[in-house]
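Single-letter residue listing:
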Amino acid sequence: MKKLAIIIFTAVFLTAAPAWAAPVPLGPLTEGNYSQQDSPCFIGYSCGPNVGVIMTTWAGSVPDQGMESSPVYTGAQLTLLKSLVGSTPFIAIDINQSGKEGSDDSYYLIRYISVYFNGAADPAYQFGPNLTAVPQNYTGNGVSDYVIGGLDLSGATTSLQFEVAWGNLTGTLGDNNNGKELFFLVKAGSTQVPEPMSLLLLGLGLVGLAGVGRFRK
């Protein structure tokens, strides 16, 4: 009888216990150079009009490590955001560091990026949690260095919020953060911005063609 009671209690407890689901993993982190001009920042600095979307602006100097949250997007803001970026946008990251390549302050360290739906306490999607060294690969400001895929906003029906944790807790690579990074959403299928070196090579090629044309004349 006692064993039967334990079995019944366990079955009732498991049935009544709230279901907990691990967040869907985002990623991988891949290189991608997209302009922020027509894409909404959710955390950043100097994002211009930001196509009408509210954002969290870095206040003062950005510390070596910490955590920042975007506004909670609801109502008209949520509708506007989803209309601009679609259901499956990339999370784009513009790294702004002043250090020379390979130095401690040429890297940005991401611990995690969490995405929350509908006021839930647990994230629906998450990149991390781990310590990911993200070196700058594009020198232009307002252009992403990397993108993270795997996000589907169709489940965010009443609210949406982003949370970014960065910095190195072990005191090694990437302690110094000398820039203000931009985190924004890019609609899938958007055209990438050519890298500066590619533009330079294209320009030199056009100049060379023009020279050949003049020589033939």
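Note that the structure is predicted; figures quoted are calculated from it, not measured. (Residues numbered from 1 in each chain as written. Predicted model: local features only at pLDDT ≥ 70, side-chain atom pairs only at ≥ 80, totals over all residues. Heavy atoms only, no water.)

A closer look at the overall build of the protein
Thinking step 1. Counting secondary structure elements, the protein contains three helices and 13 strands.
Thinking step 2. Put simply, of all contacts in the protein between residues at least 6 apart along the chain, 78% involve residues at least 24 apart.
Thinking step 3. With the model as given, the accessible surface of the protein reaches about 12,000 Å², and the carbon-plus-sulfur share is 61%. (Helix = DSSP H or I, 4+ residues; strand = E, 2+ residues; numbered from the N terminus. Contact = heavy atoms within 4.5 Å. Areas by Shrake-Rupley, 256 points an atom, 1.4 Å probe, with all protein chains shown as cover.)

Focus: the packing of aromatic side chains
Thinking step 1. The tally for this structure, following the rule as stated, stands at five aromatic pairs.
Thinking step 2. Centre to centre, the rings of Phe42 and Phe183 are 6.3 Å apart; their planes meet at 40°, and the pair counts as tilted. On the criterion of sequence distance, the pair formed by Phe42 in strand 3 (residues 41–44) and Phe183 in strand 13 (residues 182–186) is long-range, its members being 141 residues apart.
Thinking step 3. Assessed through its relative accessible area of 0%, Phe183 is described here as buried.
Thinking step 4. Site record: aromatic cluster; members linked through ring pairs are Phe42, Phe162 and Phe183. (Phe/Tyr/Trp six-rings, centres within 6.5 Å; stacked < 30°, edge-to-face > 60°. Buried < 20%, exposed > 50% of the residue type's maximum accessible area, 1.4 Å probe, protein only.)

Observations concerning the state of the cysteines
Thinking step 1. Following the criterion strictly, the structure yields one disulfide and no others.
Thinking step 2. With a sulfur-sulfur separation of 2.2 Å, Cys41 is cross-linked through a disulfide to Cys47. Of note, the bridge from Cys41 to Cys47 carries an S-S torsion of about -80° and is left-handed in sense. (Disulfide = S-S within 2.5 Å.)

Describing the sheet that holds strand 4 (residues 56–57)
Thinking step 1. Read from one edge of the open sheet, six strands run 2-11-7-13-3-4, paired in mixed fashion. Every interior strand has two partners, whereas the edge strands, strand 2 (29–31) and strand 4, have only one.
Thinking step 2. Across three bridges, the pairing between strand 7 (residues 90–94) and strand 11 (residues 146–148) is antiparallel. The residue bridging Ile91 from the neighbouring strand is Ile148, located in strand 11. (Pairing = 2+ DSSP bridges.)

As for helix 2 (residues 75–85)
Thinking step 1. Listed as buried for helix 2 are Gln77, Leu78, Leu81 and Val85. Seen along its axis, helix 2 keeps its buried residues to an arc of 100°; they face one direction. Of the exposed residues in helix 2, the ones pointing more than 90 degrees away from its buried face are Ala76, Thr79 and Ser83.
Thinking step 2. If you follow the buried residues of helix 2, they end up packed against strand 6 (73–74), strand 12 (159–166) and strand 13. (Arc of directions from axis to C-beta.)

As for the nonpolar core
Thinking step 1. Ranked by size, the top nonpolar core spans 31 residues in total, and within it Phe42, Ile91, Ile113, Val115, Leu160, Phe162 and Phe183 carry the most contacts.
Thinking step 2. Put simply, the parts of the chain that give this core at least two residues each are strand 3, helix 2, strand 7, strand 8 (107–117), strand 9 (125–127), strand 11, strand 12 and strand 13.
Thinking step 3. Sort the elements by how many residues they give to this core and strand 8 lands first, with five residues.
Thinking step 4. In contact with Val115, not counting residues within four places along its chain, are Leu26, Ile91, Pro123, Ala124, Tyr125, Leu151, Leu160, Gln161 and Phe162. (Core = buried A, V, L, I, M, F, W, Y, C linked by side-chain atoms within 4.5 Å.)

Re the environment of Val53
Thinking step 1. Structurally, Val53 is set in the loop between strand 3 and strand 4.
Thinking step 2. Among the residues examined, Val53 registers a relative accessible area of 4% and is labelled buried.
Thinking step 3. Residues Val53 and Ala76, 23 residues apart in the sequence, show an inter-C-alpha distance of 9.8 Å.
Thinking step 4. The residues touching Val53, leaving out its near neighbours within four places in the chain, are Pro40, Tyr73, Gln77, Leu80, Leu81 and Leu84.

Side note on unusual backbone geometry
Thinking step 1. Residue Gly27 is joined to Pro28 through a cis peptide bond whose omega torsion reads 5°.
Thinking step 2. Topologically, Pro28 is positioned in the loop between strand 1 (24–25) and strand 2.
Thinking step 3. At Val51, a position not held by glycine, the phi torsion is positive, near 45°.
Thinking step 4. Along the chain, Val51 falls in the loop between strand 3 and strand 4.
Thinking step 5. Note on Val51: relative accessible area 30%, which makes it partly exposed.

Geometric values such as these leave the question of function open.
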